[in-house]
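# Working through the structure, step by step
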Amino acid sequence: MKFSLVILGAPYSRQASATALRFAKAAINKDHSIERVFFFDDGVYNSNALTVAPQDETNIPEEWSLLSTSHNIDMIACVSSALKRGIIDQTEAKRYEKEAANISEGTEISGLGQLVEATLLSDRVITFGS
Amino acid sequence: MILHTVNKSPFESNTFLECLELCDHGSSILLIEDGIYAAKKNTPSANKIESISGIKFYALSADIEARGLDENISSAITVVDDAGFVDLVTQHQSVSSWF
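Residues numbered from 1 in each chain as written. Chains lettered and ligands numbered in written order. Predicted model: local features only at pLDDT ≥ 70, side-chain atom pairs only at ≥ 80, totals over all residues.

### Concerning the overall build of chain A
Regarding its fold elements, chain A presents 5 helices and 5 strands. Ordered by position from the N terminus, the helices and strands of chain A form the series β-α-β-α-β-α-α-β-α-β. Computed over its C-alpha atoms, the radius of gyration of chain A comes to 14 Å, within 12% of the 14 Å expected for a compact globule of 130 residues. Each principal axis of the C-alpha distribution contributes one length, and for chain A these read about 45 × 40 × 25 Å. Within chain A, the fraction of its 130 residues that count as buried is 43%. Residue pairs in contact within chain A that sit at least 24 positions apart in sequence constitute 76% of those at least 6 positions apart. (Helix = DSSP H or I, 4+ residues; strand = E, 2+ residues; numbered from the N terminus. Rg over C-alpha atoms; globule rule 2.2 N^0.38 Å. Buried ≥ 20, exposed ≤ 12 C-beta atoms within 10 Å, placed from the backbone. Contact = placed C-beta atoms within 7 Å.)

As structure tokens, this is what we get:
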């Protein structure tokens, strides 16, 4: 089956993204596929490549990046959620004349249309609420 | 049928009770994260769970262990692991998240 995941919680403040990560890994282990991961609201903090975790803790944004590249999962950070939280890619950095970009590898900044499309392309959509 | 997930403790918010009020006969409720506390033996929510027929109740094992409730889960609850969560999603037509 094809799943898409919607993540509304920031890592380290809510459990949502840790639960979603466990779900995604379990689904892949059972030969299902993850069509798209959509980070929304505070969930966009999961795509901050500048996150540094203590050595004995999981770097959740890095885990999402690894999962995305190793299983070819499309990851989207909602543009309006992302920009106001300081999650920014090269294009937006240029547009708003910011010094740097910090979006994680594997994640793209895009709009809600991507979430609508994900619901059409997937058998199930699971929301991991904050 | 719908799989409902609840991630808030009934001691913290009404999420679990709202879900219970609105979910249909034949649907399932999976307790995750702090939602696990609804399954704790001898609490009002667990008593409610035990008195309801027609709704299946599940709880996520990793979240139970993380909260030290292994020995304190109502017998009306079926404990599932992450793979079991995935199976529940495939066995239901859609997933509704309460948070």
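From this point, things continue past the structure.
### Details of helix H1 (residues 15-22) of chain B
Residue pairs spaced three or four apart in an α-helix point in one direction, given the helix's 3.6 residues per turn. All names here are of chain B. Where H1 is concerned, the buried positions are Thr15, Phe16, Cys19 and Leu20. For H1, the angular spread of buried residues about the axis comes to 135°, placing them on one side. Those residues of H1 that are exposed and aimed more than 90 degrees away from the buried face are Glu21 and Leu22. (Arc of directions from axis to C-beta.)

### Some remarks on the confidence of the model for chain B
Within chain B, residue pLDDT values average 97, and 100% of them lie at 70 or more. Here the predicted complex carries an ipTM of 0.96, next to a pTM of 0.97. (pLDDT = per-residue confidence, 0-100.)

### Things to note about the sheet that holds strand E1 (residues 2-6) of chain B
Residue and element names in this part refer to chain B. What the 5 strands build is an open sheet, ordered E4-E3-E2-E1-E5; its pairing is parallel. The two strands at the open ends of the sheet, each matched to only one other strand, are strand E4 (78-80) and strand E5 (94-98). The average angle at which neighbouring strand axes cross in this sheet is 25°, direction not considered. Pairing geometry for strand E3 (residues 56-60) and E4, over 3 bridges, is parallel. Bridging across to E4, Ala59 finds its partner in Val79. With respect to the sheet, H1 is in contact with E1, strand E2 (28-31) and E5, its orientation differing from that of E1 by roughly 165°. (Pairing = 2+ DSSP bridges. Axes fitted to C-alpha atoms, helices over the stretch in contact; angles between N-to-C directions.)

### Observations regarding the nonpolar core
Membership of the largest hydrophobic core comes to 62 residues, with the highest contact counts inside it found for Leu5, Ile7, Val37, Phe39 and Ala77 of chain A together with Leu31 of chain B. Of the residues forming this core, the biggest block, 6 residues, is contributed by helix H1 (residues 16-29) of chain A. Ignoring any residue separated from it by four or fewer positions in sequence, one finds Leu31 of chain B in contact with Val6, Ile36, Ala38, Ala39, Tyr58, Ala59 and Leu60 of chain B. (Core = buried A, V, L, I, M, F, W, Y, C linked by C-beta atoms within 7 Å.)

### Remarks on the sheet that holds strand E4 (residues 107-110) of chain A
All names here are of chain A. Taken in spatial order, the 5 strands make up an open sheet running E4-E3-E2-E1-E5, and their pairing is parallel. The sheet terminates laterally at E4 and strand E5 (124-128), the two strands that pair on one side only. For this sheet, the mean inter-axis angle between neighbouring strands, taken without regard to orientation, is 25°. The pairing of strand E2 (residues 33-39) with strand E3 (residues 74-78) spans 4 bridges and is classified as parallel. Residue Phe39 lies in a different strand from E3, and its bridge partner there is Ala77.

### A short note on the interface of chain A and chain B
Taken together, the contact pairs 16 residues of chain A with 14 residues of chain B. The set of elements that each furnish at least two residues to the side of chain A that touches chain B consists of H1 and E5 of chain A. The element best represented in the side of chain A that touches chain B is H1 of chain A, accounting for 6 residues. Grouping the constituent residues of the side of chain A that touches chain B by class yields 6 nonpolar, 7 polar and 3 charged. (Nonpolar A, V, L, I, M, F, W, Y, C, P; charged D, E, K, R; others polar.)

### Thoughts on the pairing of E3 of chain B
All names here are of chain B. Judged by how many residues are buried, E3 sits mostly within the fold: 4 of 5 residues are covered. With helix H2 (residues 44-51) bridging E2 and its parallel neighbour E3, the resulting β-α-β unit is right-handed. For the crossover from E3 across helix H3 (residues 61-66) to E4, the handedness is right-handed. (Right-handed = clockwise from strand over helix to strand, strands pointing away.)

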